Amino acid sequence: MSRWVGSDSKQPPEGDVDVPRVHVTEKEEARPVAEKEEVRPAAGKKKARSGAGKKKARPAVGTQEDAPSSRPALHPAWREGQYVTYVLTRDDGSWAALAMSLVSWSEERRLLLVDVKDETGDGTVFIRPDPYGAPDPEDISAELRREAAGGKEVDFHVADNPGFLAPLALNLLLVRDLPYLSEVLQRPPRKVGHPCGLETCHRVISEGTGYEKHHDMNPAVPLTGVACLSVDGKRNPLTVTSFGVRDGSTWEPGSADDFVDLSHPKPTEHRGFTMTYPATWFLRSEGEEAEETELADAALEEGERAYRVQLGGPSCALALSLSVFKGAPEEVAAMRASESTSVEVVEGWARHEEAPLALEERGVGAMFTRVDGANTCRAVRAVLWNEAGDVLTTFTASGAVVSARADCEEVLSAMERVLGEAVESFRFT
């Protein structure tokens, strides 16, 4: 994958800042859900799982493709490109995050990627799911991506086995296997106040060991249908923070807007630097797959190392790229002079003076804005260097929102704040 959207070059277009492409189409309003009082589901026992063989494909309870129009859907029909992110806020102050993406979907080929992260590091869980029920354990595997520098003292380490966070994803998928789910989905929803404009949900309660799992279900959430999962309805909430579909060709009028998660900023250690950005962003190094499992506090080698994350979908998208270069001070000084000049003025963009960057004496940068067709865009470019003068970072981030969205300016303002804080938080280690 190229480091710059829409280009196979290692460098951005000359004098320009690349912008994530968003799909524009005339959208209808999403089907409203009635706001009525909560109804607790009737008690029921979990279905017995008999035999070691594979389950037969059966109609999914509450999925849109087979649900009668009188019955609420559990979630939109699965399609490639759907994504949803969650943040777990534990009562003890710790946290975890996950981002689920359906990267391949057909009866012959299916794969759900779940990026998982907590303060000890991050990894990826691979699930080959059954769309009609709960995944089988044999269909789950995981791998380490990054371990936090120093390794924090906690009971479990994602660096040892990122699969320990897999139950977060499984709890979101297991709800579809409850025998009384269909009954609950036909009852009136309750008022809630979850992110992404989710104002009403159906509450589904299942038994845990000495506690209850409360699922707040909303048919707008892809892949899971779960807006929030909590213990006894209040403790350790696992809450949706963004969702949508990345493939503009499958985005249909009437579907929900895309949301980019700009919440829960967390400091994250990478090799040679630390930066604060939202917990559900997974900043991956590029072109060095063999080195993905190396520790974050390993020595920064000479040469360039690139990182990238791309988020959102057809109506709201954001991309962040940065490179870290280490070399002789005279070589870094020459790069610094060249890159600093390109940051000051970007052709086709207006300097956004309302959003200055506080970089002090360690770098230069600016925020830019422009209207590009039906999209309104923001971008930030910055060049940062260390005190010794032998390491330099170039930082480029851009966001685009369909101008017709009612929350366009609100989303852009949030992007400005989060991207600005990310640049300002950057520190060499």
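Our subject in this report is the structure included herewith. (Residues numbered from 1 in each chain as written. Predicted model: local features only at pLDDT ≥ 70, side-chain atom pairs only at ≥ 80, totals over all residues. Heavy atoms only, no water.)

### Considerations on the pattern of salt bridges
A full pass over the atoms with the stated rule returns ten salt bridges. Between Arg 284 and Asp 122 there is a salt bridge whose closest N-O contact spans 2.9 Å. Note that Arg 284 is positioned in strand 13 (residues 284-285) and Asp 122 in strand 4 (residues 121-127), a separation of 162 residues in sequence. The closest approach of N and O atoms between Arg 370 and Asp 372, which form a salt bridge, is 3.7 Å. Asp 372 sits in the partly exposed class, given a relative accessible area of 36%. One salt-bridge network, in which partners are shared between bridges, spans Asp 115, Asp 122 and Arg 284. (Salt bridge = Lys/Arg side-chain N within 4 Å of Asp/Glu carboxyl O. Helix = DSSP H or I, 4+ residues; strand = E, 2+ residues; numbered from the N terminus. Buried < 20%, exposed > 50% of the residue type's maximum accessible area, 1.4 Å probe, protein only.)

### Observations concerning the packing of aromatic side chains
A full pass over the atoms with the stated rule returns five aromatic pairs. An aromatic cluster is defined as three or more aromatic residues linked by ring pairs; in this entry it consists of Phe 273, Tyr 307, Phe 426 and Phe 428. Over the aromatic face of Phe 282 sits the side chain of Lys 117, whose NZ or CZ is 4.8 Å from the ring centroid. Here Arg 336 stacks its cationic end above the ring of Trp 385, 3.7 Å away from the centre of that ring. (Phe/Tyr/Trp six-rings, centres within 6.5 Å; stacked < 30°, edge-to-face > 60°. Lys NZ or Arg CZ within 6 Å of the ring centre and 35° of its normal.)

### Points about unusual backbone geometry
The backbone of Cys 196 shows a phi angle near 65°, a positive value even though the residue is not glycine. For Cys 196, a relative accessible area of 13% corresponds to the buried category.

### Examining the environment of Cys 228
Along the chain, Cys 228 falls in strand 9 (residues 226-231). Residues Cys 228 and His 214, spaced 14 residues apart in sequence, show a C-alpha to C-alpha distance of 8.0 Å. Contacts of Cys 228, omitting those with residues within four sequence positions, involve His 194, His 214, His 215, Asp 216, Pro 237, Leu 238 and Thr 239. (Contact = heavy atoms within 4.5 Å.)

### Examining the pairing of strand 1 (residues 82-89)
Burial of strand 1 is extensive: seven of the eight residues sit out of reach of the surface. Summarising the sheet, strand 1 and strand 10 (residues 235-245) pair through seven bridges and their orientation is antiparallel. Its bridge partner lying in strand 10, Leu 88 is registered against Leu 238. Hairpin connection between strand 1 and strand 2 (residues 95-105): a loop of five residues separates the two successive antiparallel strands, and Gly 93 in this loop has a positive phi of roughly 95°. (Pairing = 2+ DSSP bridges.)

### What to know about the state of the cysteines
Under the criterion given, the structure shown has zero disulfides. Distance from the sulfur of Cys 201, which forms no disulfide, to the nearest cysteine sulfur (Cys 228) is 8.3 Å. (Disulfide = S-S within 2.5 Å.)

### Focus on the side chain of Ser 230
Tracing the chain through its elements places Ser 230 in strand 9. Of the polar contacts made by the side chain of Ser 230, one reaches the backbone nitrogen of Gly 233; its length is 3.4 Å. For Ser 230, the contacting residues outside a window of four places in its chain are Glu 212, Lys 213, His 214, Arg 235, Asn 236 and Pro 237. (Polar contact = N/O pair within 3.5 Å; in protein donor to acceptor, adjacent residues only side chain to side chain.)

### Re the sheet that holds strand 12 (residues 273-278)
The three strands lie next to each other as 11-12-20, forming an open sheet whose pairing is antiparallel. Among the strands making up the open sheet, the edge pair consists of strand 11 (265-270) and strand 20 (427-428). Judged from the six bridges that link them, strand 11 and strand 12 form a sheet pairing that is antiparallel. When the bridges of strand 12 are listed, Glu 269 appears paired with Thr 274.

### Examining the sheet that holds strand 15 (residues 316-326)
Spatially, seven strands are ordered 13-14-15-19-18-17-16 in an open sheet, and the strand pairing comes out antiparallel. Strands at the two margins of the open sheet, each flanked by one partner only, are strand 13 and strand 16 (350-351). Strands in contact with helix 3 (residues 329-344) are strand 15, strand 16, strand 17 (363-372), strand 18 (375-385) and strand 19 (391-402); relative to strand 18, the strand with the most contacts, it is inclined by about 155°. (Axes fitted to C-alpha atoms, helices over the stretch in contact; angles between N-to-C directions.)

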